[in-house]
Amino acid sequence: MAGQRRNAESAHGAELTALLRRLPLLLDELIDDEPLAVLRAVGALEAIVADAGPVAARIVTRRDRTDLSRIAEALGMTQQATDTRLSHYTYLDL
């Protein structure tokens, strides 16, 4: 069961990664002709970050107690940049 869950999470992670790669291209295509649509999309993205960022940060740092070095590696960032990002998400959670 845990293996199936991990595979599903990996599939969802891959789907999310593909979406995030396409999103800037879609926004760039729309920006000249439909700037209001882009502003709506950006607002929605900001709301998603404000909601999901603090929760995900809390899970990896408090519940899972994941080492900063592992988080940094997963994010492809330095530990200092990762610490700054996590602090930002903590601030959003206030």
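Rules and cut-offs
Positions within a chain are numbered from 1, following the residues in the order the chain's sequence is written. Local features in a predicted model are, by the rule used here, given only for residues with pLDDT of at least 70; side-chain atom pairs are given and counted only at 80 or more, and totals for whole chains, interfaces and linings are based on all residues. Neither water nor hydrogens contribute to the side-chain values; these are computed over all heavy atoms in the structure. Every case where a carboxyl oxygen of Asp or Glu lies within 4 Å of a side-chain nitrogen of Lys or Arg is listed as a salt bridge. Segments assigned H or I by DSSP are reported as helices when at least four residues long, segments assigned E as strands when at least two residues long, and all are numbered from the N terminus. Think of it in three bands: residues with accessible area under 20% of the maximum for their type are buried, residues over 50% are exposed, and the middle band is partly exposed, with areas taken using a 1.4 Å probe on protein chains only.

Turning our attention to the pattern of salt bridges. Applying the stated rule across the entire model yields two salt bridges. One salt bridge connects D93 with R58, and the closest N-O pair in it is separated by 2.3 Å. A residue pair is termed long-range when its members are at least 10 positions apart, and D93 in the segment after α4 (79–92) and R58 in helix α2 (residues 35–63) qualify at 35 residues. On the basis of relative accessible area, R58 is assigned to the partly exposed category, the value being 29%. R63 is the salt-bridge partner of D64, the closest N and O atoms lying 2.8 Å from each other. On the basis of relative accessible area, D64 is assigned to the partly exposed category, the value being 40%. R63 gets classed as exposed once you look at its relative accessible area, which sits at 60%.

Shape descriptors only; they carry no functional weight alone.
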